Structure formats: structure tokens, C-alpha cells
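Descriptive analysis of the structure
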There are 2 protein chains.
Amino acid sequence: MIAVFLCEVNQTTPNISRYAIIVDMDAYIAVDVGGTRMRAAVYPQEGIAPIAVEKIRTTGRKGTPVERLIDLLKQIWPEKATVKGIGLAAPGYLDAQQGIVISAPNIPGWINLPLRHEIQSVFDVPVFLGNDANLAALGEWKYGAGKGHHHVLYITISTGIGGGIIIDDRLLVGAHGLAAEIGHVTILPDGPKCGCGHRGHLEALASGTAIAKYVAEQLVLGVPSSLSSLENPTAADISLAAEKGDALAIEAFNRAGSFLGMALADFLHTFNPSIVILGGGVSRSGRLIIDPIRNTLPRHVLSLEYIRDLVITTAVLGDDAGLVGALALARG
Amino acid sequence: MIAVFLCEVNQTTPNISRYAIIVDMDAYIAVDVGGTRMRAAVYPQEGIAPIAVEKIRTTGRKGTPVERLIDLLKQIWPEKATVKGIGLAAPGYLDAQQGIVISAPNIPGWINLPLRHEIQSVFDVPVFLGNDANLAALGEWKYGAGKGHHHVLYITISTGIGGGIIIDDRLLVGAHGLAAEIGHVTILPDGPKCGCGHRGHLEALASGTAIAKYVAEQLVLGVPSSLSSLENPTAADISLAAEKGDALAIEAFNRAGSFLGMALADFLHTFNPSIVILGGGVSRSGRLIIDPIRNTLPRHVLSLEYIRDLVITTAVLGDDAGLVGALALARG
């Protein structure tokens, strides 16, 4: 993958002797920093096939998470290519413009951390920072399910609900880089408590955690289900049971999908996207979650114009979305 | 305002005799089309002081609304200036990119109307179309309360609630030009019916109409108030009573402001603007409506980062916001 040009210099040019120019390939490094592990990959100038991939645990006995990230970058640093930029996807609240992690609850010490500066001062190449869900949206738009669209709403549904929004071919980050926290919009003012402490947020009603919690509550109430044999059925267990026709499991997905549909109507009214991409673990349940969304939407939109030609689909980049989004950010 | 240069051509230049060059001024025309009246204004290249203003009723015995609009444009057309563009602010659902009014409920016949084409084919200058609330946002951002900000949320609160959103110095219009219908997000799923037919929308809880309706209901229930002497107190009446200390009137504004604060928290989480501008009749009540919004926000935001440095203020362009926004659109 290294382009080497051997040139014979025009002998009429004075003062330059016969020599060989080695033009190094340009490369980009992307890192997806999670609460549990960090994954780094080196990519060439184009495409999303990595040249190298490495991963390590985010915390460990040796070094702080930032020191471990620096080690990971050194480890994967390509010898012969010229690294043109590093893209970092990180969880939590970030000021992406300033390159600061305001708070990443799952990573010890990541509070008001000037991450971009810390990395840039070691490697001396441009470093770009983005929220992981925002960058997953960027990745899916540039290289995944959203290719060709100009207005994209990406919702990731797993333990929590996050997202990213592309407007007019640009990632929405907001004045302080805090935009697109679409799991934290209120759907039921007196609804269940969200992980953030507020009540009735979309995340508290339609995340994988919320689906599992609803089923657990129904089982306690004695609702019959094949899931009663499991100790703590997860959203994945519930998805399997629903595929086999379990009524409670199906109802749990219908309920989550209908809350998602309600929230989506609000998002359509505000953003008017042409595609909605569902990512995260729950999106792997496919039609189980998409069908109730589709069925709910027409009852909640202001005008059918909002759903005319609207594509609702699942993400295609899987766990790589954040990494590929960080790559897109680094490529600029 | 017409710049006239009389030049003596350099006599050494062959084939060009002594002549006078008249350089016409460039001008822009903006029109704000409402359900009741249409206002048109001619503006010079820069600034927002109009050269001429005309208004007529939108409907009347002579001609369809489009024919009346064409007459208005002919009437105001500047004789000696060169019109570089026409900006049209219209109510209802528009496909701004295609220049089509999808439906403007208050204007007879304005359904799937290719308004841009109809005007452009008569006047042969570039015509730009935008939703009136969106364009008011554009006007307030470029020439009003939002100058210097890059992420602006504009909410107009009058009979209904509409708005416009500036993201990264660009107006959010969405895939089909239907974005920023921020009055139609659900705040209380089982709340009062909205003008659009859905339940619990922000518009049904916090518009001028909603404030008046709430007071009327409380009066019927026998709540004591100075307003009980009026037949149908309007939001303006209620505002006056609140200024004089009427408890019910104050409560009505607190209630509306608190719903606005709840909605605003969701908007901050999704857009993360640096300024929120309140326009429309209800915004003239100033602190009566802004204070309860400010008091509600901290309880509903995900992190105080969302309200750090956030400006919440009232619009400054008044009734001219739509017109000035249409001007901004025409100037490009």
C-alpha cells in the first residue's frame, strides 16, 4: 500500500543530482474510545478497509486512560505512511469544537479533559474529537446506510439512546458541541426515570434497558411468557422470544417502537430528514422494532408530507460506525 | 438613491465616443404574505431600511391571491433600480427548495401552488420562497436579536407557535423544506387538542390561544380574577392583568412559560443553540413569559452546560421580521 516513485530528474536542471523520491502513502488513524475498550485503526487515503486494527482495555493497571490511548496510538502508528490526522470518537459530553471531554461518566478522570491538546502535543498531527453517537451518524451517512442523503437522523438504541443528525451534508454539533442528545427528549412527563435522572425521556421508554425493564415488571405482575424461565431477560433474549411469537416479548417491542414513533414524529417536524437510520443493539431486531415505528408515525405526523419518501432503515456499519465516523472526521 | 456616474472617456481609447453611463442601483423586493394582508417592500443593496413599502389585502373581489400578489409587485416595482431578486415569505407548509406552497390553510387556492414559478415567469428575476416563521428567524439572526450567533432557535408565539432554526449560520429547512415546525412537538401526550388535530402539542399549551383558553376555563370554574369582567379575554388582556398583579393571569403565563421551558430543554438537547429568541405577540409580555421559561429550564436540562452562556431574549424586528427575512433570503 506504499506508493514509491523512482524518478530520474531532468539532467538539465542544475544542482540536483540523480535521486530517488519516496512518496509515502497518506494515512488516517481513527480511535473509538468506549467505557470498556478502545479500538484504533489505520486507514488509507480512501475507502473504509483498515490497514491495521488494534484494541486494548480502556482502564488497566498500567497508566491512565489517556496514557493508554497514547500507547495504543504509538503501537498502531504506521512506520512508512504519513499520518494526516487522527479522529477520536469518545462517549459522554464533549465540546467537540474545543476538543474537550466535558464528562465521560464511564471513564475515570475524564472530566474537563483537553483530550485533543493532550494527543496533539504528543503526535503533532491534527486531532479531531467527536461524540461517538454523532460520529456513528457521520460514518453511516458518508460510508453506510445514509449515502446520498443530505438530511439524516441516526438513532442508536442499545443500553441508552443516542444519535447524530446530518443537516444539509453537515454534522449538527451545536454551539458547544452538545447537540443530538435525542435520547433525552421528554415523551411522557410522568414516565419512568431515565439514567440521567429525569423522567419520561425516550431513553427511559425505548432503550434496550427500558425494554428489559418493562418485561421484568410484567413478569412480576404474572403476565405469562416464555421469558419467565430466564432470570434477567435482556433485550436480545426478548427479541428472540418475540421472533418465536411470545406475546409479552412482541408487546414489549411494540411499546418501545410506538414511543420511538412518537419521538420520531417530533424529530421529523423539527428536522424533516429524508432517512432515519436505526443503529445499536436493539436495531438488530429489525422489523420487530421498525414495524411499530412505521405504524405509529402516520398517527402522529402533522402532514403525510413528512413521511412521503421517508426511508426508515437499519445501520450497516455495525460496531464499526463510530470508528468509521472518526475516520470521516479526520478526513474532513 | 440612484447612483449616476457621468464619465468622460479617455480620448485615447479608440472607437468609444464621449458618453454617459448610468449605473442603476441594485434593489431587492421582499413580500410577507399573510392570511389577511400582503406587505411588499423594496430594499437597496444593503441595510434593512426600505425604499418603498406597500400593502394590500390578500383576498378581495379583484383577482386571485396570486394575481393580487403580481399586481402588488408591479405596483412597487422600482422604475430605475435593477431588481436582483424577490424573496417571498408565505404561511403554511412549503417546499422551499422547489418553490411550492403545499398548503396555506388561510389562503384560498394555495394548495400545491408552484408560487416561485408563477412569479418568476412574470418578472424574470430570481424568486426565493420561505416559510414565514423560518424567514423571521433568518431576519432576526441576520439583522436582529441574533446577530453574531451561529446557532439560533427562534420561537414565535402568537395565535399558534412556529419557529425557525439557524445551525452553523444556515437556515434549517430540511429535506422537503418542512423543518422547524417546533409548535408541533408533543409535550403532554394526553393534553389539550392542538389546532392541527393532535393532542398536547406545544402550540396547544403555550400559544396565545392556549393562554386565553386556559384562563377562560378557570373563569368558568369560578377562579376569582379581574379578567372575569371581560367577555373573552385575549392573551394581551391577560398580559395587562398580570402586570397589575392578577393571580390567575400570572398563573396562566407561568403555566405557558413552564411548558415552553420543557419544550426548550428538548430543543437545547437536540440543537444546542447559543441564543433563543422569542417572537410573536406573546413575546411582547417580556419577563412575564421569559421568567417562567428561565426558571423551568435548569430542572429539565441534562447538564447545566446547555444553559451556560445561553441567551434567552425577545425579537427586535417585530412585525417586520418575516419581511426582513424574505429580504435576507433574496440577498442570498
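Nothing here was measured: the structure is a model prediction, and the numbers come from that model.

To continue, consider the overall build of chain A. For chain A, the helix and strand inventory stands at 9 helices and 13 strands. Principal axes of the C-alpha set define a box for chain A whose edges measure 90 × 50 × 40 Å. Excluding contacts between residues fewer than 6 apart, the proportion of contacts in chain A whose partners are at least 24 apart in sequence is 60%. For chain A, the exposed area adds up to about 14500 Å²; of that, 52% sits on carbon and sulfur atoms. If you average the places of the 26 positive and of the 31 negative side-chain charges in chain A, the two averages end up 3 Å apart.

Here we come to the relation of the copies chain B and chain A. Note on the identical chains: chain B maps onto chain A by a rotation of 180° and an axial translation of 0.0 Å, with an RMSD of 0.0 Å. Look at the turn and shift together and you get a two-fold axis relating the two. The residues that chain B uses at the interface reappear at the interface of chain A in 100% of cases, marking a shared surface.

This paragraph deals with the interface of chain B and chain A. With 44 residues of chain B at the contact, the number on the chain A side is 44 residues. Summing both partners gives a buried area of about 3600 Å² for chain B against chain A, and 57% of it is carried by carbon and sulfur. At the junction of chain B and chain A, the tally comes to 0 salt bridges. For the interface between chain B and chain A, the tally reads 20 residue pairs in polar contact (both at pLDDT 80 or more).

Residue position: Asp266(B) is located in helix 7 (residues 247-271). Salt bridges are absent for the buried Asp266(B), whose nearest opposite-charge side chain, Arg299(B), sits at 13 Å. Filtering out sequence-adjacent residues up to four positions away, Asp266(B) remains in contact with His184(A), Val185(A) and Thr186(A).

A few words on helix 2 (residues 115-123) of chain B. Owing to its 3.6 residues per turn, the α-helix brings residues three or four apart onto one side. Residues and elements named next belong to chain B. For helix 2, every residue scored as buried is listed here: Leu115, Ile119 and Phe123. Viewed end-on, helix 2 has its buried residues packed into an arc of 35°, placing them on one side of the element. What points out from helix 2, more than 90 degrees from its buried face, is the exposed set His117 and Ser121. Looking at the residues trailing helix 2, positive phi occurs at aspartate 124, about 55°.

Residue and element names in this part refer to chain B. A sheet is described by the order of its strands in space; here 5 strands give the open sequence 3-2-1-4-8, paired in mixed fashion. Either end of the sheet is taken by a strand with one partner, and the two such strands are strand 3 (52-57) and strand 8 (127-131). Pairwise comparison of adjacent strand axes, ignoring direction, gives a mean angle of 15° for this sheet. As defined by bridge partners, strand 4 (residues 82-90) adjoins strand 8 across 5 bridges and the pair is classed as parallel. Counted as the bridge partner of glycine 87 is phenylalanine 128 from strand 8. Sheet strands touched by helix 9 (residues 321-331): strand 1 (26-33), strand 2 (37-44), strand 4 and strand 8. Its angle to strand 1, the strand with the most contacts, is close to 135°.

Bringing the pattern of salt bridges into the picture now. Residue and element names in this part refer to chain B. In the structure shown here, the tally under the stated rule is 10 salt bridges over all chains. Between arginine 287 and aspartate 291 there is a salt bridge, with the nearest N and O atoms lying 3.0 Å from each other. Of this pair, arginine 287 and aspartate 291 both sit in helix 8 (residues 287-300), separated by 4 residues, roughly a single helical turn. Here arginine 287 falls in the exposed class, since its relative accessible area comes to 63%. Aspartate 291 sits in the partly exposed class, given a relative accessible area of 23%.

Here we come to the packing of helix 6 (residues 235-243) of chain A against helix 7 (residues 247-271) of chain A. Working note: a packed helix pair is described by the angle between its axes plus the distance between those axes. Residue and element names in this part refer to chain A. Contact geometry of helix 6 with helix 7 gives a least axis separation of 7 Å together with a crossing angle of 115°. Helix-helix and strand crossings are classified by hand; for helix 6 and helix 7 the assignment is left-handed. On helix 7, the residues touching Ala235, Ile238, Ser239, Ala241 and Ala242 of helix 6 are Ala249, Ile250, Ala252 and Phe253. Looking at the contact of helix 6 with helix 7, its residues break down into 8 nonpolar, 1 polar and no charged.

Enumeration according to the criterion identifies 4 aromatic pairs over all chains in this entry. Here Trp77(B) and Phe123(B) contribute two aromatic rings whose centre-to-centre distance is 4.9 Å and whose plane-to-plane angle is 10°, an arrangement assigned as stacked. Of this pair, Trp77(B) sits in the loop between helix 1 (65-76) and strand 4 while Phe123(B) sits in helix 2, placing them 46 residues apart in sequence. An aromatic cluster is defined as three or more aromatic residues linked by ring pairs; in this entry it consists of Phe267(A), Phe271(A) and Phe271(B).

A separate point is the sheet that holds strand 7 (residues 111-113) of chain B. All names here are of chain B. In spatial order, the strands read 5-6-7; together these 3 strands make up an open sheet with antiparallel pairing. Edge strands, defined here as strands with exactly one partner in the open sheet, are strand 5 (93-95) and strand 7. With direction set aside, neighbouring strand axes in the sheet form an average angle of 20°. Bridge count between strand 5 and strand 6 (residues 100-103): 3 bridges; the pairing is antiparallel. Looking across to strand 6, one finds that tyrosine 93 is bridged to serine 103.

A separate point is the confidence of the model for chain A. Chain-level pLDDT for chain A is 92 on average; 93% of the residues reach the 70-or-more range. Scoring the predicted complex yields pTM 0.89 and, for the interface, ipTM 0.88.

Parameters at a glance
Residues numbered from 1 in each chain as written. Chains lettered and ligands numbered in written order. Predicted model: local features only at pLDDT ≥ 70, side-chain atom pairs only at ≥ 80, totals over all residues. Heavy atoms only, no water. Helix = DSSP H or I, 4+ residues; strand = E, 2+ residues; numbered from the N terminus. Contact = heavy atoms within 4.5 Å. Areas by Shrake-Rupley, 256 points an atom, 1.4 Å probe, with all protein chains shown as cover. Lys, Arg positive; Asp, Glu negative; His and termini not counted. Charge placed at Lys NZ, Arg CZ, Asp CG, Glu CD. Least-squares fit on C-alpha atoms with pLDDT ≥ 70 in both. Buried area = accessible area lost by both parts, 1.4 Å probe. Salt bridge = Lys/Arg side-chain N within 4 Å of Asp/Glu carboxyl O. Polar contact = N/O pair within 3.5 Å; in protein donor to acceptor, adjacent residues only side chain to side chain. Buried < 20%, exposed > 50% of the residue type's maximum accessible area, 1.4 Å probe, protein only. Arc of directions from axis to C-beta. Pairing = 2+ DSSP bridges. Axes fitted to C-alpha atoms, helices over the stretch in contact; angles between N-to-C directions. Left-handed = near helix turned anticlockwise from the far one by under 90°. Nonpolar A, V, L, I, M, F, W, Y, C, P; charged D, E, K, R; others polar. Phe/Tyr/Trp six-rings, centres within 6.5 Å; stacked < 30°, edge-to-face > 60°. pLDDT = per-residue confidence, 0-100.

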